[in-house]
Structures are given as C-alpha cells and as structure tokens.
Amino acid sequence: MEKYKVAVASSDGKTVDTHFGHAQSFLIFEVDEQTGAFEDVEERDVRAACNSQASCGGRIEEGDSMDLAAKALEDVDYVLVAKIGPHAIRALARYNITAYDIVLPIDEAINKINEFRLKIKARRNKNKEVLQNGKDS
C-alpha cells in the first residue's frame with residue numbers, strides 16, 4: 001500500500017484558495033494511492049514566504065524566504081495552492097515536491113492528483129511491458 005503526502009494551502013479548510021507565498025500554514029493530507037482515500041494528518045505552520053520583512057522569495061535573516069517555506073514541507077510529495085510563482089516552484093523542486101496551482105474543493109483537488117498518479121503509473125507499467133516483450137521477441 002503506497003501512501004504519499006499532499007500539503008494544501010487553504011483559508012477555510014475546505015478549498016484550495018491561498019497563494020503559496022501568503023500561506024502561514026498548510027493542511028497535510030496522507031493519501032492511499034490504491035484506494036484514493038485520504039486523511040488530514042496535521043496542520044503545519046510555516047513562515048509565509050511573502051511578508052513584510054521580505055518580498056516574495058527575498059532574503060531574510062534566516063536565509064531565502066521561499067526556500068525556508070519549501071523546507072518546512074520537505075516530507076510532502078505535492079503542494080496544492082491557488083497561485084504560485086516560478087521562484088517557489090524551483091524552491092519546492094529542490095525538495096522533490098511538485099506544486100500545482102488549482103482552485104477547487106480540497107477533496108476534488110486531491111482526487112485529481114491521485115488520478116494523475118495512477119495514469120502515470122499505468123503508462124510506466126505499459127511501457128515496461130512493451131520493452132520487456134520487445135526484448136523477449
């Protein structure tokens with residue numbers, strides 16, 4: 001049973017509706033890839049990357065504000081936000097996190113991520129079969 005984590009920026013706990021750089025917390029969900037079932041496992045406070053001390057992605061005393069926000073999410077696989085810029089996408093990518101800007105109810109957004117993962121996995125398995133069958137011929 002493969003599980004993965006999704007961090008969601010939401011102001012109301014129901015909808016993906018917050019800009020990555022403005023998020024002061026993320027809801028962390030654990031998703032069972034096979035069944036698509038998910039549960040809210042924690043709310044994680046982060047230092048908003050865009051704040052009065054630094055423009056989005058600017059330098060602050062502790063370092064790059066975008067990188068610090070990304071590091072706070074380093075154990076998740078996906079981040080769902082209403083809006084995200086290229087600097088934040090690069091910062092998340094350094095931690096192997098894929099970001100999606102999508103404004104939907106949280107359950108619909110997570111379901112879309114899981115559908116995407118299953119399609120990619122099926123495609124990889126099909127390609128692997130083609131390669132194996134081609135070698136056996």
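Please refer to the structure placed before this passage.
Residues numbered from 1 in each chain as written. Predicted model: local features only at pLDDT ≥ 70, side-chain atom pairs only at ≥ 80, totals over all residues. Heavy atoms only, no water.

S.K.: Run through the nonpolar core, naming residues and quoting values.
M.R.: Grouped together as the largest cluster of nonpolar side chains are 21 residues, with contacts concentrated most on Phe20, Phe26, Leu73 and Val79. Within the residue set of this core, elements represented by two or more residues are strand E2 (25-32), helix H1 (65-71), strand E6 (78-81) and helix H2 (86-93). Tyr4, Val16, Val31 and Leu80 belong to the second-largest nonpolar core, a separate cluster that totals 14 residues. (Core = buried A, V, L, I, M, F, W, Y, C linked by side-chain atoms within 4.5 Å. Buried < 20%, exposed > 50% of the residue type's maximum accessible area, 1.4 Å probe, protein only. Helix = DSSP H or I, 4+ residues; strand = E, 2+ residues; numbered from the N terminus.)

S.K.: Describe in detail the sheet that holds strand E7 (residues 98-101), supporting the description with residues and values.
M.R.: Within the open sheet, the five strands sit side by side as E3-E2-E1-E6-E7. Their pairing is mixed. Unpaired on one side and paired on the other, strand E3 (38-45) and E7 mark the two borders of the sheet. Taken over all neighbouring pairs, the strand axes of this sheet differ in orientation by 25° on average, direction set aside. (Pairing = 2+ DSSP bridges. Axes fitted to C-alpha atoms, helices over the stretch in contact; angles between N-to-C directions.)

S.K.: Could you give an account of unusual backbone geometry, naming the residues involved and the relevant values?
M.R.: Positive phi outside glycine occurs at asparagine 96, with the angle close to 60°. On the secondary structure map, asparagine 96 appears in the loop between H2 and E7.

S.K.: Can you tell me about the environment of aspartate 17, naming the residues and giving the values?
M.R.: Along the chain, the position of aspartate 17 falls in the loop between strand E1 (3-8) and E2. What aspartate 17 contacts, discounting residues up to four positions off in sequence, is Ala9, Ser10, Ser11, Asp12 and Ala82. Within the structure, the side chain of aspartate 17 is placed 2.6 Å from the side chain of serine 11, a separation counted as a polar contact. (Contact = heavy atoms within 4.5 Å. Polar contact = N/O pair within 3.5 Å; in protein donor to acceptor, adjacent residues only side chain to side chain.)

S.K.: Would you mind going over the side chain of serine 10 in detail, with residue names and values included?
M.R.: Tracing the chain through its elements places serine 10 in the loop between E1 and E2. Among the polar contacts listed, one links the side chain of serine 10 to the backbone nitrogen of glycine 13, at a separation of 2.8 Å. Of note is the side chain of serine 10, whose polar atom sits 2.6 Å from the backbone oxygen of threonine 15. For serine 10, the residues in contact, after removing those within four places along its chain, are Thr15, Asp17, Thr18, Leu27 and Ile106.

S.K.: Break down the packing of aromatic side chains for me, with residues and values.
M.R.: Evaluation of the coordinates by the stated rule reveals five aromatic pairs. Geometrically, the ring pair formed by phenylalanine 29 and phenylalanine 38 is edge-to-face, given 5.8 Å between the ring centres and 80° between the ring planes. Overall, phenylalanine 29 belongs to the buried group, its relative accessible area being 6%. Judged by its relative accessible area of 30%, phenylalanine 38 is partly exposed. Centroid distance tyrosine 100 to phenylalanine 116: 6.4 Å. Interplanar angle 75°. Geometry classified as edge-to-face. Taken as a pair, tyrosine 100 in strand E7 and phenylalanine 116 in helix H3 (residues 106-136) lie far apart in primary sequence, 16 residues in all. An aromatic cluster is defined as three or more aromatic residues linked by ring pairs; in this entry it consists of Tyr4, Tyr78, Tyr100 and Phe116. Over the ring of tyrosine 4 we find arginine 117, and its NZ or CZ is 3.9 Å from the ring centre. (Phe/Tyr/Trp six-rings, centres within 6.5 Å; stacked < 30°, edge-to-face > 60°. Lys NZ or Arg CZ within 6 Å of the ring centre and 35° of its normal.)

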